[in-house]
Amino acid sequence: ANESTAYFEKVAANRMNLSGRTDVGCGCGQGLFGENLCPEDANGYTLSSFISTNFAVVLWILLSMVPTATLWYSTELALRRMKPSSALYWAIWIELALFQLSFWWFPMFQDCVMLYAHDITTAIYTTALPALSLTLLYVIWQAKTLKKSARIIIAVVAGMTCLAGPLFTTAYWYGLLSVTVNPSFVTWFNGNGVYLFYLIESYGLSMIFLIGPTLLFIEDYKGWN
């Protein structure tokens, strides 16, 4: 067996010793958080695989409600403050609408059941949300309505947001996180390398969703001129 297979067999053996069960295996939709023994995806554990159960997908929706609601409110607040051109105004709202619609459809199309539709909705919302965030950050920066301290905050958030895309794309493109291309990655960091794909996804979403709280923070602390 190759390194990845041997590693997963070891994990399964440890799980059986802990639980006293002998029917432990890998598969879509197992446990509370999907593929929590070993991943089915070639990229290791993914956010999609962790929400492949009813419990996990409902939890995903509940935890997403505040960030998405904040995004709508903060976008309206920023546009009201900045008064951008008509083209930018409508571009921002279209990006937000595309994100919201695809983000709703994303959990409906589980990768265990409807992988093709799942991949499409994933591609749409993971493109629309960064586009929205970067467009907002650009317009805010160009609006000349921020105090110096607020500009620094916006610059930091923009930098952290922009880093997520290249980080994920580089790892994916060069097969650093693919069992097929690089089977040894699952053994990195004492066997925790298999979580890297999930960690990069989580980092990217967290940074992109940060634009909403950032705008609310600037508003509360009077960061506008």
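Small disclaimer: the values here were computed from a predicted structure and weren't measured.

Rules used throughout
Residues numbered from 1 in each chain as written. Predicted model: local features only at pLDDT ≥ 70, side-chain atom pairs only at ≥ 80, totals over all residues. Heavy atoms only, no water. Patch = residues over 30% accessible without salt bridge, like charges linked within 9 Å, V, L, I, M, F, W, Y side chains within 5 Å. Areas by Shrake-Rupley, 256 points an atom, 1.4 Å probe, with all protein chains shown as cover. Salt bridge = Lys/Arg side-chain N within 4 Å of Asp/Glu carboxyl O. Helix = DSSP H or I, 4+ residues; strand = E, 2+ residues; numbered from the N terminus. Expected span 1.5 Å × (residues − 1). Buried < 20%, exposed > 50% of the residue type's maximum accessible area, 1.4 Å probe, protein only. Contact = heavy atoms within 4.5 Å. Axes fitted to C-alpha atoms, helices over the stretch in contact; angles between N-to-C directions. Parallel < 35°, antiparallel > 145°, perpendicular 65-115°, else oblique. Nonpolar A, V, L, I, M, F, W, Y, C, P; charged D, E, K, R; others polar. 1 Å grid on protein atoms, 1.4 Å probe; cavity = no way out; pocket = protein on both sides within 12 Å on 5 of 7 lines; lining within 4 Å. Points joined across faces, edges and corners; volume = space filled by probe spheres on them. Core = buried A, V, L, I, M, F, W, Y, C linked by side-chain atoms within 4.5 Å. Left-handed = near helix turned anticlockwise from the far one by under 90°. pLDDT = per-residue confidence, 0-100.

Draft legend 1. Local environment of a nonpolar patch on the surface. Side chains of Y89, W90, I94, L98, Y116, I120 and I124 sit close together on the surface and give an oily, nonpolar patch of about 750 Å² of accessible area. Counting residues per element, the ones that place at least two in the nonpolar patch are helix 4 (86–108) and helix 5 (115–142). Here the element with the most residues in the nonpolar patch is helix 4; it accounts for four residues. As for its position among the elements, L98 is in helix 4.

Draft legend 2. Quick peek at helix 4. For helix 4, built from 23 residues, the straight-helix expectation of 33 Å at 1.5 Å per residue is met to within 8% by its first-to-last C-alpha distance of 34 Å. Within helix 4, the full set of buried residues consists of I92, W93, E95, L96, F99, Q100, S102, F103, F106 and P107. For helix 4, the elements touching its buried residues are helix 2 (47–50), helix 3 (54–82), helix 5 and helix 8 (196–209).

Draft legend 3. The packing of helix 8 against helix 9 (residues 211–220), seen in detail. Remark: helix 8 packs on helix 9, axes separated minimally by 5 Å, with the N-to-C direction vectors making an angle of 30°. One finds that helix 8 runs roughly parallel with respect to helix 9. Listed contacts from helix 9 to M207, I208 and F209 of helix 8 are I211, G212 and P213. Residues that form the contact of helix 8 with helix 9 fall into these classes: five nonpolar, one polar and no charged.

Draft legend 4. Structural view of the layout of surface pockets. If you add up the space inside the second largest pocket, you get close to 340 Å³. For the lining of the second largest pocket, the element with the highest residue contribution is helix 3, accounting for six residues. Grouping the amino acids of the lining of the second largest pocket by side-chain chemistry returns 12 nonpolar, three polar and no charged.

Draft legend 5. Region of interest: the nonpolar core. Membership of the largest hydrophobic core comes to 34 residues, with the highest contact counts inside it found for W60, L71, M82, F99 and L129. Within the residue set of this core, elements represented by two or more residues are helix 3, helix 4, helix 5, helix 6 (148–173), helix 8 and helix 9. By residue number, the principal contributor to this core is helix 5, which donates eight residues. When sequence neighbours within four positions are dropped, the list of residues in contact with F99 reads T68, L71, Y125, A128, L129 and F209. Among the nonpolar cores identified, the runner-up in size contains five residues, and Y45, F50, V186 and V194 belong to it.

Draft legend 6. Quick look at the packing of helix 4 against helix 5. Orientation of helix 4 relative to helix 5, taken along the N-to-C sense of each, is 150°, at an axis distance of 8 Å. Here helix 5 runs roughly antiparallel to helix 4, going by the angle between their axes. Regarding helix 4 and helix 5, the two cross each other, and that crossing is left-handed. Between helix 4, through L88, I92, E95, L96, L98, F99, S102, F103, W105 and F106, and helix 5, the contact on the second element is made entirely by H118, T121, T122, I124, Y125, A128, L129, A131, L132, T135, L136 and V139. Per-class residue counts for the contact of helix 4 with helix 5 are 16 nonpolar, five polar and one charged.

Draft legend 7. How the structure looks around the side chain of T46. Among the structural elements, T46 can be located in the loop between helix 1 (3–19) and helix 2. Overall, T46 belongs to the buried group, its relative accessible area being 5%. If we ignore the near neighbours within four places in the chain, the residues touching T46 are D41, F197, Y198 and E201.

Draft legend 8. Representation of the pattern of salt bridges within the structure. Tallying each qualifying case throughout the model produces one salt bridge. Residues R80 and E76 are paired through a salt bridge, measuring 3.1 Å at the closest nitrogen-oxygen approach. With R80 and E76 both in helix 3 and four residues apart, this pair spans about one turn of that helix. According to the relative accessible area criterion, E76 is partly exposed, its value standing at 33%.

Draft legend 9. The confidence of the model for the protein, seen in detail. Taken as a whole, the protein shows an average pLDDT of 77; of its residues, 76% reach a score of 70 or greater. Put simply, helix 1 is where the protein has its lowest mean pLDDT, 67, and helix 4 is where it has its highest, 90.

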